[in-house]
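Below, each chain spelled out in residue letters.
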Amino acid sequence: MAGVSIATPQDLQSAINGNPATLRQFSGTQFSFGGAWADVDYRISQATPLPGVGVTPFSATSDTPGSLLGNIGVTKNLDELGLPATFGLGLMSNAGAGVDFRDIPASNGTSAQYLALDMITAIGMDLTEELSLGASLTIGTSFLDGPFVDLGGMTPDYGIRGSIGAIYKVDCNTSLGAYWQSKKNFTFENAVLTPGGTPVDVNFDHPTNIGFGVSNRSLMEGRLLLASDIIFKDHSNADFLKALYRDQWAFQFGSQFAATDCVLLRLGYAYNQNPMREARPATIGGVTVPDGVPGLRYVQSQFAPISQHRITTGIGLQDILPGIDVDLFGGYGFSETDQLAATTIDFSGNYWIGFGTTWRFGPGSIQE
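These numbers come from a predicted model, not from an experiment. (Residues numbered from 1 in each chain as written. Predicted model: local features only at pLDDT ≥ 70, side-chain atom pairs only at ≥ 80, totals over all residues. Heavy atoms only, no water.)

Engineer: Is there a simple way to think about the overall build of the protein chain in this case?
Structural biologist: Secondary structure summary: the protein chain contains 2 helices and 20 strands in total. Its C-alpha atoms give the protein chain a radius of gyration of 22 Å, near enough to 21 Å, the size a compact globule of 368 residues would have. Counting only C-alpha atoms and orienting by the principal axes, one finds that the protein chain spans roughly 65 × 35 × 35 Å. Counting across all 368 residues of the protein chain, residues that qualify as buried make up 50%. Across the protein chain, the fraction of contacts at a sequence separation of at least 24, relative to all contacts at a separation of at least 6, is 65%. Of the roughly 16,200 Å² of accessible surface on the protein chain, a fraction of 63% belongs to carbon and sulfur atoms. Side chains of the protein chain carry 19 positive and 34 negative charges; the gap between the two charge centres is 3 Å. (Helix = DSSP H or I, 4+ residues; strand = E, 2+ residues; numbered from the N terminus. Rg over C-alpha atoms; globule rule 2.2 N^0.38 Å. Buried < 20%, exposed > 50% of the residue type's maximum accessible area, 1.4 Å probe, protein only. Contact = heavy atoms within 4.5 Å. Areas by Shrake-Rupley, 256 points an atom, 1.4 Å probe, with all protein chains shown as cover. Lys, Arg positive; Asp, Glu negative; His and termini not counted. Charge placed at Lys NZ, Arg CZ, Asp CG, Glu CD.)

Here it is in structure tokens:
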């Protein structure tokens, strides 16, 4: 469903990692594991030399292989204890991507890799029959390598962030949801060596996120679920990313049709603004970029999520065995090209496939 989940998530991980108030839509005790393979052909063409970092003109596709990502979630409904609450725990792959041009001599060892893993504790509670609130705490570990052309090394750090969310049931068919997620701050100590050999820390923030969602299942006798999310990413107040990106809006639209009592068919479409901002002389995460604006553009090209249009499809098989659900999904991001001064980015062949398995213990699955 293109990631739509703020009002009516279809899996535990989306509730734990997104709007924690939606945990109240899951009953009993549930455990879910999901995995996905994502790949893209990422090509950079550099038209002019960058003498400050020793890069000369080249054109090549990144050697970085696709990413294998996994997410785990578990929820426990506490109603049987007399508490109108649901508790959730999750281990999430927040990010896993990069570029690698080290086999191209002209790139002078250009490589950038970023990995983020999160452990999340969340709870959702009913205040009234219509209104639920939720909160979560995330402790994340991240690893940064690059992107300052062979001057950096893989460096870890830890950060925390919090989320609060709400769900309001307008009627039996329509729900409204919203959440706010704080920044997550990292300081990668001694991550970069200056040309003189002095180590420099890199400050890196995951941005504040604000999301709004709506869902409705009034059509086709309740068998068709339609939902949409709007998400705002506040890059302008996030260290490192504010030098690369402008603030960004993302829009997600999803549908789910219950073909039978056990088979769910899903489609989705997502659009996000191209976040690449105009270049200006700046530091990135506290590191002064050699070669001025052209050097900044070259760094931008290594962290360029420019694909704006994505489509997804999937199928859910409920009770494939007693108490066990299986979900399969796939998606495709349309090709994009962007020109960053003398650096051109070509983004193509972007696809992902994956699965999820959920074990349900106790009464129910997703509450209607």
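Engineer: So what exactly am I meant to see when it comes to the packing of aromatic side chains here?
Structural biologist: Each pair of aromatic rings is reported with the distance of its centres and the angle of its planes. Applying the stated criterion to the full structure yields 13 aromatic pairs. Where Phe232 meets Trp249, the ring centres are 4.9 Å apart and the plane angle is 50°; that geometry is what we call tilted. Of this pair, Phe232 sits in strand 12 (residues 224–234) while Trp249 sits in strand 13 (residues 248–258), placing them 17 residues apart in sequence. According to the relative accessible area criterion, Phe232 is buried, its value standing at 17%. Geometrically, the ring pair formed by Phe240 and Phe303 is edge-to-face, given 5.7 Å between the ring centres and 80° between the ring planes. Of this pair, Phe240 sits in the loop between strand 12 and strand 13 while Phe303 sits in the loop between helix 2 (292–302) and strand 17 (309–321), and the two are 63 residues apart along the sequence. (Phe/Tyr/Trp six-rings, centres within 6.5 Å; stacked < 30°, edge-to-face > 60°.)

Engineer: Got a minute to help me understand the pattern of salt bridges in this structure?
Structural biologist: Side chains carrying opposite charge are able to pair once their charged atoms draw close together. One pass over the full model with this rule turns up 11 salt bridges. A salt bridge links Glu80 to Lys76; the shortest N-O distance between them is 3.2 Å. Judged by relative accessible area, Lys76 falls into the partly exposed class, the value being 28%. One salt bridge in this structure joins Lys183 and Asp205, with 3.5 Å as the shortest N-O distance. Note that Lys183 is positioned in the loop between strand 8 (174–181) and strand 9 (184–193) and Asp205 in strand 10 (residues 199–206), a separation of 22 residues in sequence. When its relative accessible area of 27% is taken as the criterion, Lys183 is described as partly exposed. (Salt bridge = Lys/Arg side-chain N within 4 Å of Asp/Glu carboxyl O.)

Engineer: Can you help me understand the pairing of strand 2 (residues 58–61) in this one?
Structural biologist: Consecutive residues of a regular strand have side chains that alternate between opposite faces of the sheet. What you see with strand 2 is a clean split: Phe58 and Ala60 sit on the buried side and Ser59 and Thr61 on the side with no burial. Inspection of the sheet shows strand 1 (residues 29–46) paired to strand 2 by 4 bridges, in the antiparallel sense. Directly across from Arg43, in strand 2, lies its bridge partner Thr61. (Pairing = 2+ DSSP bridges.)

Engineer: What is the right way to look at the confidence of the model for the protein chain in this model?
Structural biologist: A low pLDDT score tells you not to read the predicted coordinates there in detail. Averaged over all residues, the pLDDT of the protein chain is 91; the fraction at 70 or higher stands at 97%. Confidence drops under pLDDT 50 across residues 364–368; counting only partners more than four residues distant or on other chains, this segment forms 19 contacts. (pLDDT = per-residue confidence, 0-100.)

Engineer: Teacher, can you tell me more about unusual backbone geometry here?
Structural biologist: Across residues other than glycine, the phi torsion is negative in most instances, and most of the peptide bonds are trans. Of note in the backbone geometry, Ala2 takes a positive phi value of approximately 60° without being a glycine. As for its placement among the helices and strands, Ala2 is situated in the segment before helix 1 (12–17).

Engineer: What am I meant to see in the side chain of His235 here?
Structural biologist: Within the element layout of this structure, His235 appears in the loop between strand 12 and strand 13. By relative accessible area, which is 4% here, His235 ends up buried. Apart from the residues lying within four places of it in its own chain, the contact partners of His235 are Pro207, Leu241, Lys242, Tyr245, Arg246, Asp247, Gln248 and Pro275.

Engineer: I tried to follow the environment of Thr121 on my own but got confused; where do I start?
Structural biologist: Along the polypeptide, Thr121 turns up in strand 5 (residues 111–126). On a C-alpha basis, the gap between Thr121 and Leu137 in space is 5.4 Å, while along the polypeptide they are 16 residues apart. Sequence-distant contacts of Thr121, that is, excluding residues within four places in its chain, are made with Phe87, Gly88, Leu89, Ala135, Ser136 and Leu137.

Engineer: Can you walk me through the nonpolar core in this structure?
Structural biologist: Grouped burial of nonpolar side chains is what soluble globular proteins tend to show. Val202, Phe240 and Ile284 are the most contacted members of the largest nonpolar core, which totals 42 residues. Put simply, the parts of the chain that give this core at least two residues each are strand 1, strand 2, strand 5, strand 9, strand 10, helix 2 and strand 20 (343–361). Sorting elements by how many residues they give to this core places strand 9 first, with 4 residues. If we ignore the near neighbours within four places in the chain, the residues touching Val202 are Leu144, Phe148, Phe186, Thr187, Phe188, Ala191, Val192, Phe240, Gly285 and Val287. (Core = buried A, V, L, I, M, F, W, Y, C linked by side-chain atoms within 4.5 Å.)

Engineer: So what exactly am I meant to see when it comes to the side chain of Ser182 here?
Structural biologist: Along the polypeptide, Ser182 turns up in the loop between strand 8 and strand 9. If we skip the residues at most four places from it in the chain, Ser182 touches Arg161, Gly162, Pro207 and Thr208.

Engineer: Explain the pairing of strand 17 here, please?
Structural biologist: As judged from the 9 bridges shared by strand 14 (residues 263–272) and strand 17, these two strands associate in the antiparallel manner. Opposite Gly268, over in strand 17, you have Thr312 as the bridge partner. Pairing analysis gives 9 bridges linking strand 17 to strand 18 (residues 324–333), with the strands arranged antiparallel. Residue Gly314 lies in a different strand from strand 18, and its bridge partner there is Phe329. Count of turn residues in the strand 17/strand 18 antiparallel hairpin: 2 residues, of which Gly323 carries a positive phi of about 80°.

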